[in-house]
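Fold and contact review
If you want the building blocks of each chain, they are given just below.
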Amino acid sequence: MKIGAILESFRKDFKTAVKEAAALGIDGLQMYASTETVNADMTKAQIQEVKNVLNGEGLCVSALCGDFGCEMYYTRNRSLIDREKKIMEIAKELGTDIVTTHIGVVPETENCPQYESMHDVCRELAGFADSMNGHFAVETGPERAELLKKFLDGLNSRGVAVNLDPANLVMCAGDNPPSAVHILKDYIVHTHAKDGIMLKKTDTRTLYAPSYFGLEQADWGEHIKEMPLGEGNVPWKEYIQALRDIGYEGFLTIERECGDTPSKDIAAAVTFLKKYIGE
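Residues numbered from 1 in each chain as written. Predicted model: local features only at pLDDT ≥ 70, side-chain atom pairs only at ≥ 80, totals over all residues. Heavy atoms only, no water.

**Observations regarding the overall build of the protein chain**
From N to C terminus, the protein chain includes 12 helices and 10 strands. Relative to a compact globule of 279 residues, whose C-alpha radius of gyration would be 19 Å, the protein chain shows 18 Å and is just as compact. Taking the principal axes of its C-alpha atoms as reference, the protein chain extends roughly 50 × 40 × 35 Å. The 279 residues of the protein chain split such that 54% are buried. Pairs at least 24 apart in sequence give 78% of the contacts found in the protein chain among residues at least 6 apart. Carbon together with sulfur atoms contributes 47% to the accessible area of the protein chain, which is approximately 11800 Å² in total. Here the protein chain contributes 30 positive and 43 negative side-chain charges, whose respective centroids are spaced 3 Å apart. (Helix = DSSP H or I, 4+ residues; strand = E, 2+ residues; numbered from the N terminus. Rg over C-alpha atoms; globule rule 2.2 N^0.38 Å. Buried < 20%, exposed > 50% of the residue type's maximum accessible area, 1.4 Å probe, protein only. Contact = heavy atoms within 4.5 Å. Areas by Shrake-Rupley, 256 points an atom, 1.4 Å probe, with all protein chains shown as cover. Lys, Arg positive; Asp, Glu negative; His and termini not counted. Charge placed at Lys NZ, Arg CZ, Asp CG, Glu CD.)

**Here's the deal with empty space enclosed by the protein**
Any space left empty among the atoms is revealed by the rolling of a water-sized probe across them. Counted under the stated rule, the structure contains one cavity of 30 Å³ or more. The computed volume of the largest cavity comes to approximately 30 Å³. For the largest cavity, the full set of lining residues is M88, A91, K92, T96, D97, V99, M132, G134 and H135. Sorting elements by how many residues they give to the lining of the largest cavity places helix α4 (residues 78-94) first, with three residues. Grouping the constituent residues of the lining of the largest cavity by class yields four nonpolar, three polar and two charged. (1 Å grid on protein atoms, 1.4 Å probe; cavity = no way out; pocket = protein on both sides within 12 Å on 5 of 7 lines; lining within 4 Å. Points joined across faces, edges and corners; volume = space filled by probe spheres on them. Nonpolar A, V, L, I, M, F, W, Y, C, P; charged D, E, K, R; others polar.)

**Here's the deal with the sheet that holds strand β6 (residues 160-164)**
One closed barrel accounts for eight strands, arranged β1-β2-β3-β4-β5-β6-β7-β10; its pairing is parallel. The mean inter-strand angle of the sheet, taken between neighbouring strand axes irrespective of direction, is 30 degrees. Judged from the five bridges that link them, strand β2 (residues 28-32) and strand β3 (residues 60-65) form a sheet pairing that is parallel. Looking across to β3, one finds that G28 is bridged to C60. Where helix α6 (residues 145-153) meets the sheet, its contacts fall on β5 (135-139) and β6, and the angle it forms with β6 comes to roughly 160 degrees. Strand contacts of helix α11 (residues 236-245): β6, β7 (188-193) and β10 (251-254), with the helix running at about 160 degrees to β7, the strand carrying the most contacts. (Pairing = 2+ DSSP bridges. Axes fitted to C-alpha atoms, helices over the stretch in contact; angles between N-to-C directions.)

**Topic: the confidence of the model for the protein chain**
Here the protein chain averages 94 in pLDDT, and 99% of its residues register 70 or above. Mean pLDDT in the protein chain bottoms out at helix α12 (residues 262-277), which sits at 90, and peaks at helix α8 (residues 177-183), which reaches 98. (pLDDT = per-residue confidence, 0-100.)

**Some remarks on unusual backbone geometry**
Of note, the phi angle at R76 is positive, near 55 degrees, even though the residue is not glycine. Overall, R76 belongs to the partly exposed group, its relative accessible area being 41%. Unusually for a residue other than glycine, N133 sits at a positive phi of about 55 degrees. Examined against the element boundaries, N133 turns out to sit in the loop between α5 (113-131) and β5.

**A word on the nonpolar core**
By size, the foremost hydrophobic cluster in this structure holds 92 residues, and its most contacted members are L29, L64 and F136. Considering each element in turn, this core owes the most residues, eight residues, to α5. (Core = buried A, V, L, I, M, F, W, Y, C linked by side-chain atoms within 4.5 Å.)

**Things to note about α12**
Helix length check: α12, at 16 residues, gives a terminal C-alpha distance of 22 Å against a target of 22 Å (1.5 Å per residue), a fit within 8%. Along α12, the residues that are buried comprise P262, D265, I266, A269, V270, F272, L273 and I277. Just past α12, the residue G278 takes up positive phi, approximately 80 degrees. (Expected span 1.5 Å × (residues − 1).)

**Observations concerning the pattern of salt bridges**
On inspection of all chains with the given rule, the structure shows 22 salt bridges. The partner of E146 in a salt bridge is R144, with the nearest N and O atoms 3.9 Å apart. Note that E222 and K200 form a salt bridge whose closest N and O atoms lie 3.9 Å from each other. Residue E222 is found in helix α10 (residues 220-223), and its partner K200 is found in the loop between β8 (195-198) and α9 (205-208); the two are separated by 22 residues along the sequence. Among the charged side chains, a salt-bridge network with shared partners connects R78, D82, K85 and E124. (Salt bridge = Lys/Arg side-chain N within 4 Å of Asp/Glu carboxyl O.)

**A closer look at the packing of aromatic side chains**
Evaluation of the coordinates by the stated rule reveals seven aromatic pairs. Residues Y74 and Y212 carry aromatic rings whose centres are separated by 4.9 Å and whose planes lie at 25 degrees to one another, so their mutual orientation is stacked. Taken together, the positions of Y74 in helix α3 (residues 71-75) and Y212 in the loop between α9 and α10 put the pair 138 residues apart, joining distant regions of the chain. Judged by relative accessible area, Y212 falls into the partly exposed class, the value being 29%. Ring geometry for F272 versus Y276: centroids 5.2 Å apart, planes at 55 degrees, classification tilted. One end of the pair, F272, and the other, Y276, are both in helix α12, four residues apart, so they sit about a helical turn from each other. Here F272 falls in the buried class, since its relative accessible area comes to 12%. Here the aromatic cluster, defined as three or more aromatic residues joined through ring pairs, consists of W236, Y239, F272 and Y276. (Phe/Tyr/Trp six-rings, centres within 6.5 Å; stacked < 30°, edge-to-face > 60°.)

Here it is, written out as structure tokens:
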């Protein structure tokens, strides 16, 4: 397995973040595709410049994050769907087959407008990814692994995949990451290395997509808390072993969304992960 980090987690400008990442000895970076540096409107020259900076520090792109919110999945927003497709094309040019995103919350029942809309949009995006030998990777978190697998199975596409975030499973869905790995093993192409705890269980629709279900927005801070790696409820030894069991050899991409010392936290996360992957 390889260690990566999300570029934006450093909270520095692009070139500074790349240099800091390289100094930590990581293998690659995931980048958001909604920034001034990486976006759907990039020119060929801008794409090449990003590649030059990364190559100059010996880094690759582990994945792009094409997360534009839940709207397109619940409303079939054509402009956002087309933008997501463009991001998949840019990802290829940057050297990765993977675009990750949250899609909202998969409803328990298939017989509802939200499920049908999500299914239609995800099937189109998965089909597009398949046509270019890429992966449209759904990030775990809002629902338990069994429900997500059922939804993905129904898309009948090789282009759909999973970005497994163990902290989201623990904090939001109350799921067990090692079990989720085995359930979703046929789909996992990328993972996040993040930790956390659930403070209070809630209907995850109130966190991720309340307006689309006629619900009030819940306060994230009352329900979940992100923690440095090893300080939350992700069972790392068992989780890493589960990834080994299924033959996963891809990235463990460090994501740090809070805290006052992100660079220090990312460095500590690299040291922590190396204990488990034998580097």
